Amino acid sequence: MSENFPNGTEQVTRVDHLLIASMVEPGTRVLDVGSGNGSLLALLEERKRVDGRGIELHQEGVNKSVAKGLSVIQGDADIDLIDYPDKAFDYAILSQTLQATHQPRDVLEQLLRIGQRVIVSLPNFAHWKLRSQLVLTGRMPETSHLPYKWYDTPNIHFCTLKDFRELCDELGATIEQSYTLNSYGYKLPYAVPYFLQNLIGEQAVFLLKH
Amino acid sequence: MSHTDGPSKGCSNQPGKNKQGPIPYDSCSVTFRDDQPLRLDSGETIAPYTIAYQTYGTLNEQKSNVILICHALTGDQHVANDHPLTGKPGWWDVMVGPGKPVDTNRYFVICSNVIGGCMGSTGPSSPNPANFKPYGLDFPVITIADMVRAQASLIDYLDIDTLFCVMGGSIGGMQVLEWAASYPQRVLTAIPIATAARHSSQNIGFNAVGRQAIMADPDWHNGRYYDHDKRPSKGLAVARMAAHITYLSEEAMQEKFGRNLQDRDKVTFGFDADFQIESYLRYQGFKFVERFDANAYLYITRAVDYFDLAADHASKPGDSLADAFKDTKTRFCVVSFTSDWLYPTVEARTIVKALNAVAAKVSFVDITSDKGHDAFLLNEPEFFDAIRGFLSSAARQAGLQPAPVGDRS
């Protein structure tokens, strides 16, 4: 899976990457599913000295990552996660990738099997900008965060933060920690109730345990 | 043969031009005596036996900067120096040398001629201690694991414990996999390139054609051509021609030769080399027989046919390829090329899947190239970037000093 941010992923460290990094204990074993050009893995190796692996759908991202010295393979989250043994990693990470998988539920289940903990970051389709675009213009929403047309978007399985929390429940996963970010990339205070997070949160990062 | 203590060594000083300056031109060799026989998978032993090898760069004090390169079917130890027989640059001259991806300013590179080969290591053309005549078909059948066992003896002899990296393409890649499976503690990183964990039916089929061509040559004399002062050159050349086709992609061949005619305007209605591709393959065959022993070709191709890493390392029925890599701490970089149909990408993927199943630390790049299997011998920028990046990162992790800045010697 590619990182679904069109520009500037190399120049600035993404906010969700920093949040993910803050959740990862130093020196742990990490699998980044949908590792893109390897920027999150590189960040984790640099700051947290993790033993990191990546799996990325697009060959170009894989080759760039390997040239950076990262342990990344070409593979498909929908197909290849089944190969990994149970609890092989301290963290299985899915950063901005769940919505681009064919079988998000299966992918999340596999991650919960492979990782002691799972970190998922995802865009919130219930963000007020998206809701209002759909309601007011009657068209599929486009934002700077999700800039694709409906016919060329890699994001084929959008969900809302509420939907995701429900799926976690269904799969028996506990949300140990979560951060919701507004469209400026700032963390919403914990005190903000879930229904409001689901309205003003543009993306969120979850730390899950099975 | 003498029975003195310990192996004997030697470095012949063959004269020759040397473009690289300080890179040694001559081959070193070590002979293991009767008290250190090579025990083979077949149950037989070879003693004494000689391993010829080349080294490049300098071994550091901790002996932690060693890269062992394993050569392919028709390669040899002359990785990065002019070949003593052909005068051509070493077969991986583009990859190995000062400032190159395998930087000899940083790493100490070793490459040895495989057991069963014909460039100084003991093989079917070497004297049989029983009668001092060339072994011929009395040479025991060897396997990829036997080749690796012989390399391990050389590494022991050089008093090196851990290899920073074992790398190689094609059959060299099989040796890399065998090293990682047989000596996991001694291999820090492994780079199997354009290879497979076992030979496919198609692969075995092509090798069978090559062997039959050699054995059908009347000059082969049941492998005893040495006694008749003959060489089955025609058979070996045909074997090489057939194999050479498998090293190229259809696309590259079409682009290079198409249906172009060789030095003529129209076909001759005869069996001369009308087409450029015919002429090219004949030339490849002709050049090859000058430097290669036909029996060595039989033995090495046989070793490859027998290679099946999963079966060889299975301790119980139902064991898979993953079990060959169980608990491995080795860091892998698997490389394949999109147009390689001899060892296609799917073979590399099988290796990667097995490594994932044991949660090994693995990188895998499939390099876009139209050059076919031979791409691993060529300067493909993405391929080189991957090797460079992988080695540098592993070297950093292993605490190896970077190459001195500006030192291109």
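Treat the numbers as computed from the prediction; the structure is a model and nothing was measured.

**Q** Summarise the domain arrangement of chain B; cite the residues concerned and give the values.
**A** Residue and element names in this part refer to chain B. For chain B, the assigned domains are domain 1 (8-197 + 315-397) and domain 2 (204-303). On a C-alpha basis, the centres of domain 1 and domain 2 stand 25 Å from each other. Contacts between domain 1 and domain 2 engage 31 residues on the former and 29 residues on the latter. Between domain 1 and domain 2, the buried area comes to about 2,600 Å², and carbon and sulfur atoms account for 66% of it. The largest share of the area that domain 1 buries against domain 2 comes from L73, T74 and W341, three residues that together contribute 25% of it. At the surface where domain 1 touches domain 2, the tally comes to 0 salt bridges. Counting the contacts that link domain 1 with domain 2 gives 12 residue pairs in polar contact (both at pLDDT 80 or more). The class makeup of the residues in the side of domain 1 that touches domain 2 is 16 nonpolar, 10 polar and 5 charged.

**Q** Give a detailed account of the sheet that holds strand 4 (residues 89-95) of chain A, specifying residues and quantitative values.
**A** All names here are of chain A. The 7 strands lie next to each other as 3-2-1-4-5-7-6, forming an open sheet whose pairing is mixed. Among the strands making up the open sheet, the edge pair consists of strand 3 (72-74) and strand 6 (174-181). Ignoring which end each strand starts from, the neighbouring axes of this sheet average 15 degrees apart. Here strand 1 (residues 29-33) runs beside strand 2 (residues 51-56); their pairing, made up of 5 bridges, is parallel. Within the sheet, the bridge partner assigned to D32 lies in strand 2 and is G54.

**Q** Describe the interface of chain A and chain B, and please don't skip the residues or the numbers.
**A** Across the boundary between the two partners, chain A contributes 23 residues, which contact 24 residues of chain B. Put simply, chain A and chain B have 3 salt bridges between them. Taking the shortest distance from any N to any O, the salt bridge between B:K353 and A:D83 comes out at 3.1 Å. One can count 14 residue pairs in polar contact (both at pLDDT 80 or more) joining chain A with chain B. Of all the secondary structure elements, the ones that give two or more residues to the side of chain A that touches chain B are strand 2, helix 3 (59-67) and strand 3 of chain A. The element that contributes the greatest number of residues to the side of chain A that touches chain B is helix 3 of chain A, accounting for 5 residues. Within the side of chain A that touches chain B, the residues separate by chemical class into 10 nonpolar, 6 polar and 7 charged.

**Q** Can you tell me about the environment of A:L207, naming the residues and giving the values?
**A** Residues and elements named next belong to chain A. Tracing the backbone shows L207 in strand 7 (residues 203-209). The buried category is assigned to L207, whose relative accessible area is 6%. The sequence separation of L207 and S178 amounts to 29 residues, and the corresponding C-alpha distance is 6.1 Å. With residues near it in sequence (within four places) discarded, L207 still touches M23, Y91, R117, V118, I119, T174, I175, E176 and Q177.

**Q** Give a detailed account of the packing of aromatic side chains, specifying residues and quantitative values.
**A** Throughout the structure, instances matching the rule amount to 22 aromatic pairs over all chains. Taking 6.2 Å as the distance between ring centres and 40 degrees as the angle between the ring planes, the aromatic pair formed by A:Y179 and A:Y190 counts as tilted. Within this pair, whereas A:Y179 is found in strand 6, its partner A:Y190 is found in the loop between strand 6 and helix 8 (194-200), the two being separated by 11 residues in sequence. For A:Y179, a relative accessible area of 11% puts it in the buried group. Taken together, a centroid distance of 5.6 Å and an interplanar angle of 75 degrees make the contact between B:F325 and B:F332 edge-to-face. The class of B:F325 is buried, set by a relative accessible area of 1%.

**Q** Give me the nonpolar core: which residues, what numbers.
**A** A:L108, A:F164, A:L208, B:I115 and B:W179 are the most contacted members of the largest nonpolar core, which has 111 residues in total. A per-element tally of this core places helix 7 (residues 294-306) of chain B first, with 8 residues. Of the residues that make up this core, three or more belong to each of domain 1 (8-197 + 315-397) and domain 2 (204-303) of chain B. Contacts of B:I115, omitting those with residues within four sequence positions, involve B:L38, B:I46, B:Y49, B:I51, B:T122, B:F139, B:I142, B:D146, B:M147 and B:A150. By size, the runner-up hydrophobic cluster in this structure holds 41 residues, among which are A:V72, B:I191, B:I193 and B:A394.

**Q** Help me get a handle on the pairing of strand 10 (residues 163-169) of chain B, residues and values and all.
**A** Residues and elements named next belong to chain B. Across the 7 residues that make up strand 10, a large majority, 7, are buried. Bridging between strand 6 (residues 66-70) and strand 10 involves 4 bridges; their strand directions are parallel. When the sheet's bridge partners are listed, C70 is paired in strand 10 with G168. For strand 10 and strand 11 (residues 187-193), the ladder comprises 6 bridges, and the chain directions are parallel. The residue bridging L163 from the neighbouring strand is V187, located in strand 11.

Scoring rules and cut-offs
Residues numbered from 1 in each chain as written. Chains lettered and ligands numbered in written order. Predicted model: local features only at pLDDT ≥ 70, side-chain atom pairs only at ≥ 80, totals over all residues. Heavy atoms only, no water. Domains from an automatic or database assignment. Contact = heavy atoms within 4.5 Å. Buried area = accessible area lost by both parts, 1.4 Å probe. Salt bridge = Lys/Arg side-chain N within 4 Å of Asp/Glu carboxyl O. Polar contact = N/O pair within 3.5 Å; in protein donor to acceptor, adjacent residues only side chain to side chain. Nonpolar A, V, L, I, M, F, W, Y, C, P; charged D, E, K, R; others polar. Pairing = 2+ DSSP bridges. Helix = DSSP H or I, 4+ residues; strand = E, 2+ residues; numbered from the N terminus. Axes fitted to C-alpha atoms, helices over the stretch in contact; angles between N-to-C directions. Buried < 20%, exposed > 50% of the residue type's maximum accessible area, 1.4 Å probe, protein only. Phe/Tyr/Trp six-rings, centres within 6.5 Å; stacked < 30°, edge-to-face > 60°. Core = buried A, V, L, I, M, F, W, Y, C linked by side-chain atoms within 4.5 Å.

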